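# Understanding the architecture of this molecule
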Amino acid sequence: MPEAVITSAVRTPIGTAFKGTLADIPAEVLAVHVLREAVRRSGVGAEQFDDVVFGESLYGGGDLARHAAVAAGMSRVPGVALNRHCASSLTAIATAAASIRSGMDRAVVAGGVHSFSTAPVLSWRVPLSDDMEQRIPPTFPYTEDATDDVTLSVGWNVARKFGITREQMDAWALRSHQRAVTAIENGVFSDEIAPIKVARRNGSMVAFAVDEHPRPTTSAEKLAQLQPLHPEIEGFSITAGNAAGVNDAAAALAVLSDDLARAQGVPVLATVRAWAAVGVDPQFTGVGAIDAAAKVLDRAGLAASDIDLWEINEAFASVPVAACQELGLDEEQVNVHGSGCSLGHPVAASGARMVTTLVHELRRRGGGRGLATMCAGGGQGGAVIVEVP
């Protein structure tokens, strides 16, 4: 059985939605950009790819992967768009690896894209009436305990379940910003970011190359002053500071069979060792990151101590804090360059961004194993393990 190896891993800088540099750039443009760059860096020709698999979320139709393939001049390569909400692009990587491990494909581009700034708004007719309303198609049946409010089901319910305090979450968020700012100042992301030229409304062009969401001036005092997002709930501790940002970005990886990489003399960045997805009670969606990590470790025959670096998405700071408690992790090995609270959370691109960052950081450190895990809308979780030689 062939191994699934990563020969390129690239992303755009992450923009702040609605008011940031990528606010006027549609998702398909971001997808084309990272697809072209992933193929260019892959070591094999565009004509050798068998498929493009892209995660997308909340776009209401179309096939972003196929659009990107055709726009990138790869019209003979098909494309499929996947939606597992936050874990969409992790699922895209898993799908590509599975197809290669099975021997059906030899080269696949996997990734994800999300533009909160340009996502379409869907209109539905209200049943038993002629009235129209804006609506996001539901992923699970809403109940009093599991509403459509992710702040409650992901952030608050997880904080309550594991006894996580506001102080713990704010401290995690502050460190996330500090790590991301330090990484940017030291040029840590330069190898993984593909700068993108952006047209401004005044007609000028700008080369966007640096993540713009991390805040150098964030402090413990400023985070402590933020009001809870649900002040009407007694003891509610989730704020805009200890929750993820709303962002725009795309990321893509070239996943090849190891025999093709050898035949082409292509350097291997990493091997995809294992992947897993889980379902959990929607009211405790954040637990999906913990359960997915445990499941993928079991599948790989590994213990948490066998993992050198972790990426645990900071949809809310309560999630990685809980994961560290439950899995017995050293916080110094988790999100070493920041995550959702600082870099931001471009939903369908975040998983591929996390794996991209893991691969490049492990290479800087001389190799090792990395695990990316995250919760996903509707009571789900996804995880991927990669190994860098």
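As shown above, the structure is provided for reference.
The structure contained in this document is the topic of the report that follows. (Residues numbered from 1 in each chain as written. Predicted model: local features only at pLDDT ≥ 70, side-chain atom pairs only at ≥ 80, totals over all residues. Heavy atoms only, no water.)

### Re empty space enclosed by the protein
Scanning the model with the defined rule gives one cavity of 30 Å³ or more in all. Counted as a void, the largest cavity has a volume near 30 Å³. Leu309, Glu311, Val336, His337, Thr357, Leu358 and Glu361 are the residues that line the largest cavity. Elements supplying a minimum of two residues to the lining of the largest cavity: strand S12 (309-312) and helix H10 (347-364). For the lining of the largest cavity, the element with the highest residue contribution is H10, accounting for three residues. (1 Å grid on protein atoms, 1.4 Å probe; cavity = no way out; pocket = protein on both sides within 12 Å on 5 of 7 lines; lining within 4 Å. Points joined across faces, edges and corners; volume = space filled by probe spheres on them. Helix = DSSP H or I, 4+ residues; strand = E, 2+ residues; numbered from the N terminus.)

### Comments concerning the packing of helix H5 (residues 166-185) against helix H9 (residues 318-327)
Here H5 crosses H9 at 105°, and the two axes come no closer than 9 Å. Our classification of the angle between H5 and H9 gives roughly perpendicular. Where H5 approaches H9, its residues Gln168, Met169 and Trp172 are matched on the opposing element by Ser318, Pro320, Val321, Cys324 and Gln325. Across the contact of H5 with H9, the residue classes tally to five nonpolar, three polar and no charged. (Axes fitted to C-alpha atoms, helices over the stretch in contact; angles between N-to-C directions. Parallel < 35°, antiparallel > 145°, perpendicular 65-115°, else oblique. Contact = heavy atoms within 4.5 Å. Nonpolar A, V, L, I, M, F, W, Y, C, P; charged D, E, K, R; others polar.)

### A closer look at the environment of Arg166
Turning to its location among the elements, Arg166 is positioned in helix H5. Judged by its relative accessible area of 17%, Arg166 falls in the buried class. It is 8.6 Å that separates the C-alpha atoms of Arg166 and Phe236, two residues lying 70 residues apart in sequence. Within the structure, Arg166 has its side chain in polar contact with the backbone oxygen of Leu223 (distance 2.8 Å). One polar contact links the side chain of Arg166 to the main-chain carbonyl oxygen of Leu226, over a distance of 2.9 Å. (Buried < 20%, exposed > 50% of the residue type's maximum accessible area, 1.4 Å probe, protein only. Polar contact = N/O pair within 3.5 Å; in protein donor to acceptor, adjacent residues only side chain to side chain.)

### Some remarks on helix H1 (residues 27-42)
Between its first and last C-alpha, H1 extends 22 Å over 16 residues, near the 22 Å set by a 1.5 Å rise per residue. Every buried residue of H1 is accounted for by Ala27, Leu30, Ala31, Val32, Val34, Leu35, Glu37, Ala38, Val39 and Ser42. Along its buried surface, H1 packs onto strand S1 (4-11), strand S3 (51-55), helix H2 (64-71), strand S5 (107-115), strand S8 (196-199) and strand S10 (247-257). Gly43 occupies a position one or two residues after H1 and carries a positive phi of about 95°. (Expected span 1.5 Å × (residues − 1).)

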